[in-house]
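These are the residues of each chain, in order.
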Amino acid sequence: MILIVDDKAENIFSLKKILELHNFEVDSALTGEDALKKILKNSYALIILDVQMPGMDGFEVAEAITGYSKTKDTPIIFLSAVNTDKRFIAKGYASGGIDYVTKPVDPDVLMLKVKTLHRLYEQTRALNKTQLALRAEIEYRKQAQAELKEKMQELHLTLESIPQIAFTAQSNGSIEFVNQHWFDYSPNEKIFPESHPDDPNIQQSLNRMYKDGTPLKMEVRIRRIYEDVYRCHLLRVLPVIENDTIVKWVGTFTDIEEQKEVERKKDEFLSIASHELKTPLTSIKAYMQLLERSFESNINLSEESSKYLQRTQIQLDKLHKLIADLLDISKIESGKLKFNKKIFSLEPLVDSTIDIIRQTNHDFKITKTGSADVKVFGDDMRIEQVLMNYLTNAIKYSPERKEISIECSVIDNGSMICLTVKDHGVGVPREKQGSLFNKFYRVEETSHRFQGLGLGLYICSEIINRHDGKFGLKSSDGEGSSFYFCLPIHKNNN
Ligand code: ADP
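Residues numbered from 1 in each chain as written. Predicted model: local features only at pLDDT ≥ 70, side-chain atom pairs only at ≥ 80, totals over all residues. Heavy atoms only, no water.

### Quick notes on the state of the cysteines
The line we're drawing: Two cysteine sulfurs form what is called a disulfide whenever their separation falls within 2.5 Å. Think of it this way: any DSSP run of H or I at least four residues long counts as a helix, any run of E at least two long counts as a strand, and we number them from the N terminus. Relative accessible area decides the class of each residue, using a 1.4 Å probe on protein chains only: under 20% of the type maximum gives buried, over 50% gives exposed, and in between gives partly exposed.
In this structure the tally under the stated criterion is 1 disulfide. Linked covalently through their sulfurs, C418 and C486 form a disulfide whose S-S length is 2.0 Å. Judged by the sign of its S-S torsion, about 95°, the cystine formed by C418 and C486 is right-handed. Of this pair, C418 sits in strand 15 (residues 416-422) while C486 sits in strand 17 (residues 481-488), and the two are 68 residues apart along the sequence. Both residues of the pair, C418 and C486, count as buried.

### What to know about the site of the ligand
Basically, it comes down to this: We call a residue near a molecule or strand whenever a single non-hydrogen atom of that residue lies within 4 Å of it. Counting of polar contacts relies on pairs of N or O atoms within 3.5 Å, with two restrictions inside protein: one atom must be capable of donating a hydrogen and the other of accepting it, and residues adjacent in sequence are counted only when both atoms are side-chain atoms. Residue burial considers only the protein chains on display, and all accessible areas are found by Shrake-Rupley using a 1.4 Å probe. Charged means Asp, Glu, Lys or Arg here, nonpolar means Ala, Val, Leu, Ile, Met, Phe, Trp, Tyr, Cys or Pro, and polar covers whatever is left, Gly included.
If you check the shell around the ligand, you find 22 residues, and the closest are N393, Y397, D423, R442 and L457. In the model, a nitrogen atom of the ligand is placed 2.9 Å from a nitrogen or oxygen of the D423 side chain. When the ligand sits alone it has 530 Å² of accessible area, and the protein chains cover 96% of it. Mapped by element, the contributors of at least two residues to the shell around the ligand are helix 10 (380-396), helix 12 (456-465) and strand 17. For the shell around the ligand, the leading source of residues is helix 10, giving 4 residues. Broken down by class, the residue content of the shell around the ligand amounts to 11 nonpolar, 8 polar and 3 charged.

### Re unusual backbone geometry
With an omega dihedral of -5°, the bond running from K103 to P104 counts as a cis peptide bond. One non-glycine residue, D228, lies in the positive phi region at around 55°. On the secondary structure map, D228 appears in the loop between strand 8 (216-224) and strand 9 (229-242). Despite not being glycine, D412 shows a phi value in the positive range, around 50°. Examined against the element boundaries, D412 turns out to sit in the loop between strand 14 (403-411) and strand 15. Judged by relative accessible area, D412 falls into the partly exposed class, the value being 42%.

### So, a positive patch on the surface
Formally: Residues qualify for a patch when their relative accessible area is over 30% and they have no salt bridge, like charges being joined within 9 Å and the nonpolar side chains of Val, Leu, Ile, Met, Phe, Trp and Tyr within 5 Å. Within this document, salt bridges are pairs made up of a side-chain nitrogen of Lys or Arg and a carboxyl oxygen of Asp or Glu, the two lying within 4 Å of each other. In this tally Asp and Glu are treated as negative and Lys and Arg as positive; neither His nor the chain ends contributes. Charge coordinates come from a single atom per side chain, which is NZ of Lys, CZ of Arg, CG of Asp or CD of Glu.
There is a patch of like positive charges on the surface, built from K336, K338, K341 and R466. Structurally, K338 can be placed in the loop between helix 8 (301-333) and strand 11 (342-345). Residue classification places K338 among the exposed positions, given a relative accessible area of 58%.

### Observations regarding the sheet that holds strand 17
Our working rule: In this analysis, strands are considered paired if DSSP registers two or more bridges between them. Inter-axis angles, ranging from 0 to 180 degrees, are taken between N-to-C directions of lines fitted to C-alpha atoms, where helices are fitted over the stretch in contact. Whether two residues are in contact is decided by their heavy atoms, any of which lying within 4.5 Å being enough.
The strand order 12-14-15-17-16 describes an open sheet built from 5 strands, whose pairing is mixed. The sheet terminates laterally at strand 12 (365-369) and strand 16 (470-475), the two strands that pair on one side only. Strand-to-strand, the axes of this sheet are offset by a mean angle of 15°, without reference to chain direction. Relative to strand 14, strand 12 runs parallel, the two being bridged by 5 bridges. Residue pairing across strands places T369 opposite E407, the latter belonging to strand 14. Relative to the sheet, helix 9 (residues 346-360) contacts strand 12, strand 14 and strand 15, its axis offset from that of strand 12 by approximately 170°. On top of the sheet, helix 12 reaches strand 16 and strand 17; it is set at about 135° to strand 16, its chief contact.

No statement about biological role is implied by the geometric values presented.
Structural data, given as C-alpha cells:
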C-alpha cells in the first residue's frame, strides 16, 4: 500500500487516481501528524510526501519516520514546488529509497519513480526476509554445532574416565578419538592394537562390521606394547544412530585376562577335584571287594578284614576332609562360614590335636616346645582345624625327614599366642611364599608329587582373619618350612 500525504484533498484525489490506475492500493493523510499515526499503525511500501504543509512539513515527517526502525527503510517521494535540498533529504536514508518530484506533477515521471521505488521496497523486503531466514539457519546450525561439541566433550570425558580402552570412529571407520589406555596397546591413535597371531584380525572384523552396520562383540588377545605380553580383551563396538543413520561407532576393549585366568583355574580345579574324589573311592571299592573275597574264602578273616577296614577308613577320612573343605569354600564364598565363639584354653586343644596326628602317623617324631597355657576367644573346632591342617601339610610335604615340632610362644607384650609348625620337608621357594594362602594356589614344582586342591591354607587364613589373628611362614627351598599362626590372648586370662 502507498501512503499519500498532502494538505490538499484535490491533490490526493488526482494522485490516488493515477496510482489506482496502475493497480496500487492507496491510503492518504491530510496532515503530517495524521500521516505519522497511520505510519505507526500500518505498513506502507512507499510514502508520497508533500513538502509544504501547514503544521508539520514533509521534511519533519520524513525525519520522524527515519527514527522508527519499522519505517526507516520505507522509500519516500517528496512532492515539492521548488528543487529540494537533496543533502537534507538523504539524511538517514542510506538505503537510497528517496526521490522527489516537482510540482506540477508529471504523471509519467511520478509513475516511473513510484514503480522503481516500489520495486526497490519489494526487493529490500525479500532480501531482508532471506537474510532473516539465513540468520536463523546460521543460528540454528551454530547451536546444533555447539550442542554436538558439548555432547562429544561429555562422551570423551566419560570415555577417558573408564578403566577400559575406548575409541570412537566415524561412520566410515576412521578413528576420531582414543582414550589414554589406548596407548598401552598401540603406538598411535590411528593404529588398532595388534591381535595375537592365533586370534581373529581386529581390522578385518571391524571392516565387516562397518559394512554390515551391526554391533561387534569378540574376545581377542592384544599386545601390551611396553611389556610385550598379550592380554585377553572383550572388544565391543556399537553404532550411534541418528535419524536411522549410523553417525559414528563407539568401541571399548575390556581387559578380561584375570577372568580368563580364574576360568582356567576353575577348570583345572574341577579336573583335580574330580580326580581327588575318585582316587579314594576307587581304593575303597577295591578294599571292599578284597574284604568280600576274604569273607568268602574265610581265611585269616579277622586279621585280613581289620587291615582292609583300616585302609578303607583312611580313604574315607580323606574323602571326608575333601568334602568338608569344599563345603567350607562354598560357605566362605557365600559369606556363610559361621563361628561358635567362646573362651577356651588353648593348651588342651594343642595336645589333643598332636595326639590324633600321632595315632595315624607312627613314623613321625612330633614334639612340642613352649606352653600354650592361655585362654583365647574363638571357635575351638575351627582353631583345631587350622592346627590340624598345618600338621597334615607338614607331614604330607616331608617325605624324607620325619620330624615335626610345634613351638608355642607368647609375643607382643603378652597379647598374642603363636603356634609354629616346623617341618624339614621340601620347603617353599621364596618367590612363591606370598601366594600360598591364596585360593587354589599350589606350588607348581611340587604339585605333581603331592595330591591336593590348594584350599586348606586359604580356609585357614579365612578362619584366622575372622579371629583377628596373624599367619605366615618362614621357609627355604629344600630346608623345610615353619608355618605359624597367632591369636589374641583373651584379656581375662583366668
Ligand atoms: P594342598 O596341600 O591341598 O595343595 P594347601 O592350601 O594346604 O593345599 O597348601 C597350598 C600349597 O602350599 C600346597 O600345594 C603346597 O605347595 C604348599 N605347602 C603347604 N604346606 C607346605 C609345607 N609344610 N611344606 C611345603 N609346601 C607346603
